[in-house]
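# Architecture and fold: a report
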Amino acid sequence: MTARAADRSRYDRATAHLDAPVAVVDLEAFDANADDLVRRAGGKPIRVASKSVRCRALLERVLARPGFAGIMSFTLAESLWLARAGFDDVLLAYPSADRSAYAELAADPKLAAAVTVMVDDHAQLELIDAARAGGTEEIRVCLELDTSLRLLGGRVRIGALRSPLRSPAQLADLARSVDRRPGFRLVGLMAYEGHVAGVGDSVAGRPLRSRAIRLMQATARKELAARRAEVVRAVRAVAPGLEFVNGGGTGSVQHTAAEPAVTEIAAGSGLYVPRLFDNYTSFRGRPAALFAQPVVRRPGVGVVTVLGGGYPASGAAGPDRLPVPYLPEGLRYDPQEGPGEVQTPLLGAPADDLLIGDKVWFRHAKAGELCERFDELRLIEGDRITATVPTYRGEGRTFL
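Labelled according to an unreviewed UniProt entry, the protein chain appears under the name Amino acid deaminase/aldolase, originating from Streptomyces silvae.

Time to look at the pattern of salt bridges. Taken as a whole, this structure holds 35 salt bridges when the rule is applied. Notably, a salt bridge pairs Asp36 with Arg40, separated by 3.5 Å at the nearest N-O pair. Placement of both Asp36 and Arg40 in helix α2 (residues 27-41) is noted, with a separation of 4 residues, approximately one turn of the helix. Given the relative accessible area of 18%, Asp36 is considered buried. Overall, Arg40 belongs to the buried group, its relative accessible area being 6%. A salt bridge links Glu376 to Arg378, with the nearest nitrogen and oxygen atoms 3.3 Å apart. The partly exposed category is assigned to Glu376, whose relative accessible area is 38%. Because the salt bridges share partners, they merge into one network encompassing Asp146, Arg150, Arg157, Arg166, Glu223 and Arg227.

Okay, the nonpolar core next. Membership of the largest hydrophobic core comes to 93 residues, with the highest contact counts inside it found for Leu58, Val117, Leu143, Tyr272 and Leu377. Counting 12 residues, the second largest nonpolar core, distinct from the first, contains Tyr11, Ala14, Tyr326 and Trp361.

Now for the side chain of Asn33. When you line up the elements, Asn33 lands in helix α2. For Asn33, a relative accessible area of 4% gives the class buried. Here the side chain of Asn33 touches Leu271 through a polar contact of 3.0 Å, landing on its backbone oxygen. Not counting chain neighbours up to four residues away, the residues in contact with Asn33 comprise Gly270, Leu271, Tyr272, Val273, Gly285, Arg286 and Ala288.

As a further point, take the pairing of strand β10 (residues 244-247). Every second residue of β10 is oriented toward a common face, with Phe244 and Asn246 on one face and Val245 and Gly247 on the other, all of them buried. Here strand β9 (residues 184-191) pairs with β10 via 4 bridges, running parallel. Note that in β10 the partner of Ala191 across the bridge is Gly247. With 2 bridges joining them, β10 and strand β11 (residues 264-267) adopt parallel strand pairing. Considered in β11, the bridge of Gly247 is made with Ile265.

We now examine the packing of helix α8 (residues 168-180) against helix α10 (residues 207-238). Packed helices, taken two at a time, are described by the angle their axes make and the gap between the axes. Their axes nearest at 9 Å, the elements α8 and α10 cross at an angle of 25°. In this view, α8 runs roughly parallel relative to α10, as classed from their interaxial angle. Relative to α10, the crossing made by α8 is right-handed. Between α8, through Pro168, Leu171, Ala172, Ala175, Arg176 and Asp179, and α10, the contact on the second element is made entirely by Glu230, Val231, Ala234, Val235 and Val238. By residue class, the composition of the contact of α8 with α10 is 8 nonpolar, no polar and 3 charged.

The strands making up a sheet associate through backbone hydrogen bonding, with each pair oriented either parallel or antiparallel. Strand order in the closed barrel formed by 8 strands is β2-β3-β4-β5-β6-β9-β10-β11, with parallel pairing between adjacent strands. Each neighbouring strand pair of the sheet contributes to a mean axis angle of 30°, computed without reference to strand direction. Sheet topology places strand β3 (residues 68-73) next to strand β4 (residues 90-92); 3 bridges connect them, and they run parallel. The residue of β4 that forms the bridge with Ile71 is Val90. The strands touched by helix α7 (residues 122-131) are β5 (115-119), β6 (139-144) and β9; relative to β5, the strand with the most contacts, the crossing angle is about 135°.

What counts and what doesn't
- Residues numbered from 1 in each chain as written.
- Predicted model: local features only at pLDDT ≥ 70, side-chain atom pairs only at ≥ 80, totals over all residues.
- Heavy atoms only, no water.
- Salt bridge = Lys/Arg side-chain N within 4 Å of Asp/Glu carboxyl O.
- Helix = DSSP H or I, 4+ residues; strand = E, 2+ residues; numbered from the N terminus.
- Buried < 20%, exposed > 50% of the residue type's maximum accessible area, 1.4 Å probe, protein only.
- Core = buried A, V, L, I, M, F, W, Y, C linked by side-chain atoms within 4.5 Å.
- Polar contact = N/O pair within 3.5 Å; in protein donor to acceptor, adjacent residues only side chain to side chain.
- Contact = heavy atoms within 4.5 Å.
- Pairing = 2+ DSSP bridges.
- Axes fitted to C-alpha atoms, helices over the stretch in contact; angles between N-to-C directions.
- Parallel < 35°, antiparallel > 145°, perpendicular 65-115°, else oblique.
- Left-handed = near helix turned anticlockwise from the far one by under 90°.
- Nonpolar A, V, L, I, M, F, W, Y, C, P; charged D, E, K, R; others polar.

Right, dumping it as structure tokens:
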């Protein structure tokens, strides 16, 4: 029996009393992935990206482990909710225009002490001030650096369209604006190198493309390390009390941690290890989060149909954004239909061994987004469910 077949047997036994659809997290794999992230971070603390987890119980579990400290959130409303729940170090990774949430933040000492907001534009400071509604608490601020790689004199740009702040002078200028503005305190600097951390460098069947990605990433890491160090020096000259410099992502943990200027690493997807993280040469994780759909039809030889399953991930549309049939091994989508909202035909020899009501296990393309489809996660240890915990959705929280 292969390791994957053994996992399927465990998951089927653990959920035999449950009807699908059902979502599970294998805690042994989850914990092993957490240990691997800590190993790769080389002693620097890991700030957990909540968008990649979206379950408070699992955020608490990983933050109780040595090597993890703090949360990186994705909306201001989520940040306040987490702070009220007792998480005392929440970095908002994206600028917000949520005026009512800013008013809450500025009026509550506990929230203001726990939450750090992201700024990359003078106009965002103006918006926050205008939204205070009389609140006088000091707002903790983090600046974001654009990490994109520019080639051919800037005519070629590789990387996410995030912050407009690229040079040490630009970051220092905004740092001075924060420093001079009453009611704000600059505490952090963030730089997310998505073109390194979020792009696999070993694409199956594409050796030339994989080699080009590795070359691009090596160039990007070298350029960014030098520029990030210059930016940190420039910002610290304005704000000597800077508390943290955050960088990285699951795919670049060990590389970013090696930079002296970086004080902490961001990661979250590496806990669940969705399918987009199968294509890396630098690490191997264990799939920890899966969902099962029930077989509801047998249209013919070598074909079964499961209920639903059309859960595409965000990002540029393409086959890599689709869930992948995982267990039993050997199933594939019908190219004429793909995964559907209400039904998904699956082809392959294993289909003939599946009965009506059997479960087919899938892996989502990206971490966290699976939790927008399920109210609960069943936590599995061995071949038993040891806990059932709500996702954000299960707690009535859909922040985006």
